[in-house]
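Residue-level structure breakdown
Given next are the chains, with one letter for each unit.
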Amino acid sequence: MKPIRTLKISISGVRGVIGDSLSPTLLTRFAESFGTYLNSGKIVVGRDTRTSGEMVKHAVFAGLLATGCPVVDLDICPVPTIQLMVRKLGARGGIAITASHNPVEWNALKLIRSDGCFLNSYQAEELLSIYHQGDYRKARNHEIKAVKKNSQGIPSHLEQILKHYGPVLWKGRRLKVAIDCCNGAGSVMTPELLQALGCDVVSINTTPDGIFPHPPEPVPQNLTDLCQLVKESGADVGFAQDADADRLAIVSEKGTPIGEDNTLALAVKFLLRQEQGTVVTNLSTTQAIDDIAQVFNCRVIRTRIGEVNVTETMKKEKALIGGEGNGGVIFPRINFARDSMVGITLVLHYMALTASPLSTLVEELPRYYFVKHTLPCPSFRVRSFLNSLKEIYFREKLDLTDGLKILRPDSWAHIRSSNTEPIMRIVVEARNEETAQAWAREIIAMMHDE
Amino acid sequence: MNLLKISISGVRGIVGATFTPELVVNFAQAFGTYLESGKILICRDTRPSGAMVRSAVISGLISTGCEVVDLGICPTPSMQLLLTNLNARGGIAISGGHNPEEWNALKFVREDGIYLNALQASELLDVYHQGEFNKVPWNRLFKLRERNDAIEHHLSKLRQNFEWEAIRKRRFRVAVDCCNGACSEMTPRFLEELGCNVVSINDSVQERFPHDPNPTPSNMQQLRALVKASRADIGFAHDADGERLGIVTEQGTPLSEEWTLAIVTEIELSKQPGVVVTNLSTTQAIDEIALRHGGGVIRTPIGQAYVAEMVKEVGAVLGGEGSGGVILPKTQFTHDSFAAIGSILEFLALHQNKVSELVDRIPGFFMIKRNLASSPSAIYASIQELRSSIEFDAKGSTVDLSDGIKLSWPDGWVHIRDSNTESMIRVIAEAREAARAEALADWAQSTLRLEDAHLNDQ
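Residues numbered from 1 in each chain as written. Chains lettered and ligands numbered in written order. Predicted model: local features only at pLDDT ≥ 70, side-chain atom pairs only at ≥ 80, totals over all residues.

Our next topic: the sheet that holds strand S9 (residues 197-201) of chain B. Residues and elements named next belong to chain B. Taken in spatial order, the 4 strands line up as S9-S8-S10-S11 in an open sheet, and their pairing is mixed. If you trace the sheet from one side to the other, it starts and ends with S9 and strand S11 (245-248), each paired once. Between one strand axis and the next, the sheet turns through 20° on average, direction left out of account. Judged from the 4 bridges that link them, strand S8 (residues 173-177) and strand S10 (residues 234-238) form a sheet pairing that is parallel. Residue pairing for S10: Val174 is matched across the bridge by Ile234. (Pairing = 2+ DSSP bridges. Helix = DSSP H or I, 4+ residues; strand = E, 2+ residues; numbered from the N terminus. Axes fitted to C-alpha atoms, helices over the stretch in contact; angles between N-to-C directions.)

Pasting the structure below:
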């Protein structure tokens, strides 16, 4: 079914459906705004494999060139590669052309600043202000720069990872790794990385043609093919990426998805058992992170939802590791971005270090149950909803950083309005499923009463 | 002054002012919508803004479901020739042609290689103004294709059209000025294949234009010096995209751009009597040459599409415009300066002639071209006013109102019209006597009474 309104211009960039709302004119204007905002500096552009990527790319080039920006074209590569290259090339910014985990008919622009992070909400507001005023910088003929193709993205990214982590041996043998790249931006780099890490690779969906064999969000219901591949091939582990290869989902050697939250938990545990450091994650990510950090006597800082909020806090706190519960691992020593390649590397090294099967490592993690709900809620009602919930739970420990989070000893609930849609998101986590479900029902019932 | 011009000659403007990427994207979308998708060839000249315009065109065309084939930097006639060979639906040449470097333009080509005519251009504009463009979903988008064989294909056609061996035997020494434009690669190659000793300047696509790319005598000073210094048999000057050709004789005389068509007309009609098609503003010499060879002249409004369509319709021997553009149907129905070079060198080779001897056979006329720059409102108002006063009193002239106002007397003519490419009135007067031509131009200028006109002699 076609959504009624598909265009979304927000602090997360611009997103829409090809052939419907995301026109080349709009994309060109957005690129002109960005080029104006970055004062005609050098911009690195890359894209995922979507069939619309070429059209979008040229609209972006036209806008950036018109504002006098020199453009570096990485073409198809993972988003974390673009973020890495922005820093490496000393560019003023970058544009990632990807709708990430959204279905194939979507596309979007994600805007990157010179430090490789996405624009924060203030910067995004400034950019939108330029976009809406329409007063773009206009380079004269001789001020227009060229587009330079650059094929160093993936090699540089691999080199950066391999500088820190070498090949793995598990109980003295090579690991067999199954991957599903969803024919997305990770299709080329992921097999190369695994080979460099000394693994035997069995792969599906590694043709970078943008024809997604299943929805590109790496959630359990989209991992059935990978689970089967792991079982049939007897792989030690399976990895799945979304279309732009920032998020990572993992399947154990038994052929079962371990849950997106556990991707970050595994990475955090691997690093903290070797060195002390601060962990940063958002308010809706599993409590397991805190439990792990506590064991190693490390600090966890929680931020608002949104990758840039995590990365900016990590920067300020000089965090060792951070990320999000959706499978996004950020390890600044390698790359200041959610990076599935880094996630894969850390998990494989964790397996090698402990000589344990992946399922054992997952069993050793603190066990929680997650319930996620969404409720339609027009933006003008958000405040009254949250206020009434605050009154009800006023005796408990509350965190008001982003919506409302109620913290109990072994469980928590987080209620906030979405950044992108007119809905409320309700996330509840508890030690067992019944407790989580019961609390979620209680909250939803109260919101219906309101 | 309004620096955007949308006309039969395409859409053109100044980059950094009116010629914005949104405008280009929208025109590409309009063209893709107008042609109902299909295969579209694109090429560009060497202007720095070409990269920006190219991306905007590619994006707009792909979004309407077109299969875009990018030929990169190459002469516009090379694209037009390949287009007909590949049975493509249309083409866009990204080139400001003879305009200064800060300009750029989109020139829209239809499936027969000819530019859109006035009716088609106005249909395209309707699509543009209505703004409802074809939008194609993700699974019906074509991938961009790139080809680099347009020049090779053009050369192989030229090899069939001219007596290659005869030209090779003469071992001409030829000086060329490509203005660092789209001909920079092809022309030296073409001439070397013709056995010429080539002395070329300004043949780097990386460099900026050394002078305005219009091949008029004032822009051929460098070439003139080169011809003299190298003792070349002839000198050729290109505009930025290979449509217009300028000539310098072996004596080092830069010829008026009007003479390019006159010389080729003399050559072609001497081989084969027939019709020559040209526009209302082109020199009267064409008529005298045609008369001498027992041929006829058909005049059309200004604009290459008018001339090209007429050449095709009446089966003319050749066509062209006084701007230096020549159409030789055996090569293709479009301005092609390579075909013009081939025709001239072939004649000089076969007849053991010097180019100055050929020039001696062209009847002498004096032509004055003036450009009166003004605002669009003033331009149309004053032309309108003059038209009504002429209808009242034609001053004993024959009147032609098919494009602007052309008044002809037995001893001379004057043509007053608004430019297709810039916001200005062009006044062109021609007579056997220089004084008479001057007088006609002065009369037109004073009658137009353009308050803010500033004289801009070419």
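Moving on, we get to the nonpolar core. Counting residues in each nonpolar core, the largest one holds 280 residues, and the members touching the most others are Val60(A), Ile95(A) and Val57(B). When neighbours within four sequence positions are excluded, Val60(A) is seen to be in contact with Leu27(A), Ala31(A), Val45(A), Ile95(A), Ile97(A) and Leu109(A). (Core = buried A, V, L, I, M, F, W, Y, C linked by C-beta atoms within 7 Å. Buried ≥ 20, exposed ≤ 12 C-beta atoms within 10 Å, placed from the backbone. Contact = placed C-beta atoms within 7 Å.)

Residue and element names in this part refer to chain A. We note that the domain assignment places domain 1 (8-151), domain 2 (161-363) and domain 3 (369-449) within chain A. Each of domain 2 and domain 3 has a C-alpha centre, and the two are 28 Å apart. Across the boundary between the two partners, domain 2 contributes 8 residues, which contact 11 residues of domain 3. Grouping the constituent residues of the side of domain 2 that touches domain 3 by class yields 2 nonpolar, 4 polar and 2 charged. (Domains from an automatic or database assignment. Nonpolar A, V, L, I, M, F, W, Y, C, P; charged D, E, K, R; others polar.)

With that out of the way, let us pick up the interface of chain B and chain A. At the junction of the two partners, chain B supplies 33 residues and chain A supplies 31 residues. Mapped by element, the contributors of at least two residues to the side of chain B that touches chain A are helix H1 (21-34) and helix H2 (50-63) of chain B. Element by element, the count of residues in the side of chain B that touches chain A is highest for H2(B), at 9 residues. When grouped by side-chain class, the residues that make up the side of chain B that touches chain A number 16 nonpolar, 10 polar and 7 charged.

Residue and element names in this part refer to chain A. Here we have 4 strands laid out as an open sheet, ordered S13-S12-S14-S15, and mixed in their pairing. Single-partner strands in this sheet number two, and they are strand S13 (300-303) and strand S15 (328-330). Strand after strand, the sheet turns through a mean of 20° between neighbouring axes, direction not considered. Pairing geometry for strand S14 (residues 321-324) and S15, over 3 bridges, is antiparallel.

Residue and element names in this part refer to chain B. Of all 7 residues in strand S3 (residues 38-44), 5 are buried; the element is thus mostly enclosed. Sheet topology note: the S3/strand S4 (residues 66-73) ladder contains 6 bridges and is parallel. Looking across to S4, one finds that Lys39 is bridged to Glu67. Read as a crossover between parallel neighbours, the route from S3 over H2 to S4 is right-handed. Two strands pair when backbone bridges link them, and S3 and strand S5 (residues 90-94) are joined in this way by 5 bridges, in the parallel orientation. Within S5, the residue paired with Ile40 across the bridge is Gly90. (Right-handed = clockwise from strand over helix to strand, strands pointing away.)

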